[in-house]
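Listed below are the residues making up each chain.
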Amino acid sequence: MAIFKYRGKNRVGSIVEGERSGRNANEIVTALEKEQIQVLSIERKKFKLNIPFVGKNRGVSLKTIAVFNRQLSVMFNAGLPITQAIGILANQQKDKFFQGVLTEVRKDVEAGTNLSNAMKKHPKVFNELYTSMIQAGEASGNLDTILLRLSQYVENMNKLVGKVKSALAYPIGVLIIALVLTAVLLWKVVPVFTDMFSQMGAELPLATQIVVGASNFMISNFFLMIVILVAVIFAFRAYYNTFKGRRVIDNIKLKIWVFGDLLTKVAVARVTRTLATLLTSGVEIIESMTITAKTASNSIIEDAVLKSRASVQEGKPLWESWEDTKRFPYMVTQMVAVGEQTGSLSTMLGKVADFYDEEVDQAVSAIVSLMEPLMILILGGLVGGVVVAMYLPLFDIIGKVG
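Each value, and the rule that gives it
- Residues numbered from 1 in each chain as written.
- Predicted model: local features only at pLDDT ≥ 70, side-chain atom pairs only at ≥ 80, totals over all residues.
- Heavy atoms only, no water.
- Helix = DSSP H or I, 4+ residues; strand = E, 2+ residues; numbered from the N terminus.
- Rg over C-alpha atoms; globule rule 2.2 N^0.38 Å.
- Buried < 20%, exposed > 50% of the residue type's maximum accessible area, 1.4 Å probe, protein only.
- Contact = heavy atoms within 4.5 Å.
- Areas by Shrake-Rupley, 256 points an atom, 1.4 Å probe, with all protein chains shown as cover.
- Salt bridge = Lys/Arg side-chain N within 4 Å of Asp/Glu carboxyl O.
- Phe/Tyr/Trp six-rings, centres within 6.5 Å; stacked < 30°, edge-to-face > 60°.
- Core = buried A, V, L, I, M, F, W, Y, C linked by side-chain atoms within 4.5 Å.
- Axes fitted to C-alpha atoms, helices over the stretch in contact; angles between N-to-C directions.
- Left-handed = near helix turned anticlockwise from the far one by under 90°.
- Nonpolar A, V, L, I, M, F, W, Y, C, P; charged D, E, K, R; others polar.
- Expected span 1.5 Å × (residues − 1).

Draft legend 1. Highlighting the overall build of the protein. The number of helices and strands found in the protein is 16 helices and 3 strands. Its C-alpha atoms give the protein a radius of gyration of 27 Å, clearly above 21 Å, the size a compact globule of 402 residues would have. Structurally, the protein occupies a C-alpha span of about 90 × 50 × 45 Å along its principal axes. The buried share of the protein, reckoned over its 402 residues, is 39%. Of all intrachain contacts in the protein linking residues separated by at least 6 positions in sequence, the fraction that spans at least 24 positions is 62%. Put simply, the protein shows about 22100 Å² of open surface, and 60% of that area lies on carbon and sulfur atoms.

In structure tokens:
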């Protein structure tokens, strides 16, 4: 399966761009035409060497985007021309990359380009969801309201990401400290004890032999271990970047003990919040679901949203199409059903998102509480295990002397 980059027009005339995986270009074109997208150009994506931890993704933080939206909304609502407002905000930016992007957007708008089309030229900063909402705001004449909704949406997403990071930061930090301390002990401390035991002719217990063996292996094969580590990272990233690999790994993520439940709740919160925001802004449901799928942050949930979109196109209600995927909790599908029946789908989706935001809060608190004793146990087990193993022969020697 190869990956193809395409550019086309949807049924409302908006330019859409993206990537699809398939055997050939004709297969991708056929699939897109079924989705009522007229393909303007398509090409196979070239392989790029992506070195982990080297270089910087030239995007802009969610927090920066949220602040920009809120400021732009206030200025636009106060009667400032959009070009003047963007120019003022560009001059205030500390991020030179974002400043350059805003300057280019302002120049394009001054030249007669719509704001949404000017922003579409910078997909790493303004994604499809963002530009679609701006386009809906321009069409309805409610750009200031849309900007405010965008600001609220981005702020909510930023909080959600922050919650996940706080849940992962503690265990990852403790594990890194434990591994570094263990490596230092094996590299610097254990050899001192090994020389001392050799001079004494002491008989080493099994635990000590294991630690000494690990120390000797690390010292003798240090560069080999670095090469293996880098190779594993490259292999993992290469596999994850494939169509099948991403789905296999994302499926595993959803099944990981404790964390899988958290990631599922995060995905549901993102999907419902995004769909609610788009529908409230006037974007039609099929296009909204297409955009929403890309924000799910998990390919399994993304596939479920796309599958349900096809069902909705065939006339099925949204709640039933979500229920068929088996990926959305029962409570979600039932609340969506009530929303569709009462004509308040976007409002109900927003309430579901609020509920799952609280669920994520509780899950993060539970994980942090659970991880604290577990991480202390791991840290003590690794570092303390090495120290105890090195003192065991001394205890034997002292016992014989006594």
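Now, onward.
Draft legend 2. Structural detail: unusual backbone geometry. In this model, S297 sits at a positive phi of 70°, which is unusual for a non-glycine residue. With respect to the secondary-structure elements, S297 resides in the loop between α12 (285–294) and α13 (299–313). The class for S297 is partly exposed, based on a relative accessible area of 45%. If you check the backbone angles, K326 has positive phi at about 65° while not being a glycine. Mapped onto the fold, K326 is located in the loop between α14 (318–325) and α15 (330–342).

Draft legend 3. Structural view of the pattern of salt bridges. By the definition in use, this model includes 13 salt bridges. Here R273 and D354 are joined by a salt bridge, their closest N and O atoms 2.9 Å apart. Taken as a pair, R273 in helix α11 (residues 259–280) and D354 in helix α16 (residues 345–401) lie far apart in primary sequence, 81 residues in all. The class of R273 is buried, set by a relative accessible area of 10%.

Draft legend 4. Just the packing of aromatic side chains, in detail. Across all of its chains, the model carries 10 aromatic pairs by this definition. Seen from their ring centres, F98 and F126 are 6.4 Å apart, and the 50° between their planes marks the pair as tilted. Note that F98 is positioned in helix α4 (residues 96–110) and F126 in the loop between α5 (115–120) and α6 (128–140), a separation of 28 residues in sequence. Looking at F98, the relative accessible area reads 0%, which means it is buried. When its relative accessible area of 1% is taken as the criterion, F126 is described as buried. Ring geometry for F236 and Y240: centres 6.3 Å apart, planes at 5°, overall stacked.

Draft legend 5. Layout of the nonpolar core. Ranked by size, the top nonpolar core spans 74 residues in total, and within it F68, V105, L115, F126, Y130 and W322 carry the most contacts. Take this core: its biggest share by element is 11 residues, from helix α7 (residues 143–200). Not counting chain neighbours up to four residues away, the residues in contact with F126 comprise I65, F68, F98, V101, L102, V105, M119 and T131. Grouped together as the second largest cluster of nonpolar side chains are 13 residues, L186, V212, V383 and L394 included.

Draft legend 6. Spotlight on the packing of α7 against helix α8 (residues 206–220). Here α7 crosses α8 at 120°, and the two axes come no closer than 9 Å. In the packing of α7 onto α8, the handedness of the crossing is left-handed. On α8, the residues touching A183, L186, W187, V190, P191, T194 and F197 of α7 are T208, V211, V212, A214, S215, M218 and I219. Here the residues of the contact of α7 with α8 sort into 11 nonpolar, 3 polar and no charged.

Draft legend 7. Region of the structure containing helix α2 (residues 62–77). In this model, α2 (16 residues) spans 22 Å end to end at C-alpha, consistent with the 22 Å of a helix rising 1.5 Å per residue. Listed in full, the buried residues belonging to α2 are I65, A66, F68, N69, L72, S73 and M75. Buried residues along α2 sit against α3 (82–92), α4, α5, α6 and α7. Count one or two residues on from α2 and you reach G79, which has phi positive near 105°.

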